[in-house]
Amino acid sequence: DFKITDGVYFGKRFKALTIRKVSELVAYGLAAEKAPSLNHSNAVHLEADAYHAMMRSTNTVIIDVRNAYESAIGHFAPPEGGAELIDPKMRNSHEFPKWLNAPETKQKLQGKKVMMYCTGGIRCERASALLDHMQKATNDLKTDGVYMVRGGIERYLKTYPEGGFWKGKNYLFDRRFEQAPENKTEEQMNQDIESVCCVCGKPWALYRGQFKCPEPLCKVPVLVCYECADSRAYIERPPYCPLCVEGYELRGLAIPDIVEQKRKLFGRDVCAPDQDMVNTPATLRVVSRTKRVKPDGQPSQKLFIGNLPLVITASALKKELGVNVICVQWITDITSGGYYGSAYVWMRTVGHAKGVIERSRGVKGIRISGGDGSRPRLLRANFVSLKQGETVEGVRETERPPIGCPYT
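Description of the structure in this document. It should be emphasised that the depicted structure is a prediction, and the values quoted were computed from it without experimental measurement.

Conventions used here
- Numbering of residues starts from 1 in each chain and follows the order in which that chain's sequence is written.
- The predicted nature of this model means local features are confined to residues of pLDDT at least 70 and side-chain atom pairs, given and counted, to a pLDDT of 80 or more, with totals for whole chains, interfaces and linings taken over all residues.
- Side-chain descriptors were evaluated using all non-hydrogen atoms of the structure, hydrogens and water having been removed beforehand.
- Pairing of aromatic rings covers Phe, Tyr and the six-membered ring of Trp, with a centre-to-centre limit of 6.5 Å; geometry is then stacked below 30 degrees between planes, edge-to-face above 60, and tilted otherwise.
- We call a residue buried when its accessible area falls under 20% of the maximum for its residue type, exposed when it is over 50%, and partly exposed in between, using a 1.4 Å probe and counting protein chains only.
- Charges are assigned to positions over rings by a cutoff of 6 Å between ring centre and Lys NZ or Arg CZ, combined with an angular limit of 35 degrees from the ring normal.
- Strand pairing follows a simple DSSP-based rule, namely that at least 2 bridges must link the two strands.
- To qualify as a helix, a DSSP run of H or I must reach at least 4 residues; to qualify as a strand, a run of E must reach at least 2; elements of each kind are numbered from the N terminus.
- For helices, the fitted line uses only the C-alpha atoms of the stretch in contact; every axis is such a line through C-alpha atoms, and the angle between N-to-C directions lies from 0 to 180 degrees.
- By the criterion applied in these results, polar contacts are pairs of N or O atoms within 3.5 Å in which, for protein atoms, one can donate a hydrogen and the other can accept it, and in which residues neighboring in sequence qualify only through two side-chain atoms.
- Contacts are assigned to residue pairs with any non-hydrogen atoms lying within 4.5 Å of each other.
- As used here, the term nonpolar core means buried Ala, Val, Leu, Ile, Met, Phe, Trp, Tyr and Cys residues forming a set that is joined through side-chain atoms within 4.5 Å.

Quick notes on the packing of aromatic side chains
Counting across every chain of the model gives 15 aromatic pairs. With a centroid separation of 5.0 Å and 75 degrees between ring planes, the pair formed by Y171 and F173 is classed as edge-to-face. A relative accessible area of 53% means that F173 is categorised as exposed. Feature note: the residues Y51, F76, Y117, Y156, Y160 and W166 constitute an aromatic cluster, connected by ring pairs. Here the guanidinium or amino end of K302 rests over the ring plane of Y344, the centre of that ring lying 4.2 Å away.

In structure tokens:
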């Protein structure tokens, strides 16, 4: 599920792309053979409208699988008589399997529909697979189904811009800091605030200044208002998080024995990780900005142009590539119809196409800016081998890439 967010202020965007291959996408401490299989999970994805409707159901619980400091500034508030909200009050993801394995947790979930949610849907994939696995492998936990919202809170708030059953803000781990329902006024947002400054106790819901709980075994982000930050009041009154003030902790609970549970379910020989995790290095970081050049096809009039801005026009691309461009053909995802920054460009002759490739691989390269004021992007160009009888005739050009639906 790939999501694109356009129109973000330049200062809040990511400066670069970092790709990592890790042993766990969500750090539960259940990597490799300890990981519950996603392929065998019976958890159900619901679209935002169906998830919204299910929150009205009785005999239903809804689990916030995020950390407690995220839930503090925003969470679902199901209607009266509907689903019961459960906050595990975790400091980090390692604590979720321990919380789920606790007898009192199993008692809360027994025989009920279990809904889950997180920021964008990734943590729910693992959380739901873990719960589904545990109820198959043990006799003390049986639910009436496990459900998650496709695309997480982010998708829900785009579906319900007035907020729906959401209350507060969606905590984000990037420089945007948080996401709020688009159609809610500032006054309405202020009325939703339930969290407080950890120094003075006044209502506050902005994580700024990178303040952390001073407890050595905690260190989670804490809320400190501007007044307490500016006056340095946090030095005299250390901002302990609400969990430390309460004395609440999950660290000492036992983690479920997934390996033994797999043996009971599948037998001793079927206690291996999913096939896509076999023979894969634990951690791989790709941080080099040097891109591997895709081998060229046979020289032709047709070029592949990659690394285009998401906000671009055919006229702007033609102006940058020169007057010998015949047609621009935007490339879209075959499933979603979404445009992700590439196009086929037809030139008048093979010689003109060679000229574009030589320019793109020169010292300066070919750079183009998007219509959103972003920095110029260095384009990639390759020949495309033509199929037998393929010509530019019949290719329809549009001035802008299709919007499509990149959220399917």
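Re the pairing of strand β13 (residues 325-332)
Direction of pairing for β13 relative to strand β14 (residues 339-347): antiparallel, over a ladder of six bridges. Paired with T332 across the bridge in β14 is Y339. The antiparallel pairing of β13 with β14 creates a hairpin that spans six residues between the two strands, and G337 there sits at a positive phi of about 80 degrees.

Section: the sheet that holds strand β7 (residues 146-149)
With parallel pairing, the five strands of this open sheet are ordered in space as β2-β7-β6-β3-β5. Looking at which strands have only one partner, the edges of the open sheet turn out to be β2 (44-46) and β5 (84-86). Direction aside, the axes of adjacent strands within the sheet are offset by 30 degrees on average. In terms of strand pairing, β2 meets β7 through three bridges, oriented parallel. Paired with V44 across the strands is Y147, a residue of β7.

Description of the side chain of T143
As for its position among the elements, T143 is in the loop between α5 (122-137) and β7. Polar side-chain contacts of T143 include one of 2.8 Å to the side chain of Q135. Aside from chain neighbours lying at most four places away, what touches T143 is L109, G111, K112, V114, L131 and Q135.

Points about the sheet that holds β14
The strand order β13-β14-β12-β17 describes an open sheet built from four strands, whose pairing is antiparallel. Pairing within the sheet leaves two strands with one partner each, and these edge strands are β13 and β17 (380-383). For this sheet, the mean angle separating the axes of adjacent strands, direction not counted, is 25 degrees. Its contacts with the sheet put helix α12 (residues 314-321) on β12 (302-306), β13 and β14, and the angle it makes with β13 is roughly 125 degrees. Helix α13 (residues 350-360) rests against β12, β14 and β17 of the sheet, and its axis sits at about 145 degrees to β17.

A word on the nonpolar core
Within the largest apolar cluster, 26 residues are counted, with the highest numbers of intra-cluster contacts made by I63, V65, F96, L100, L109, M116 and L131. Elements with a contribution of two residues or more to this core: β3 (60-64), α3 (95-101), β6 (113-117), α5 and β7. With five residues, the top contributor of residues to this core is α5. Grouped together as the second largest cluster of nonpolar side chains are 23 residues, I73, C218, L223 and C225 included.

Observations concerning unusual backbone geometry
Of note in the backbone geometry, Q210 takes a positive phi value of approximately 55 degrees without being a glycine. By secondary structure assignment, the location of Q210 is in the loop between α7 (186-192) and α8 (226-230).

Purely geometric stuff here, so don't read any function into it on its own.
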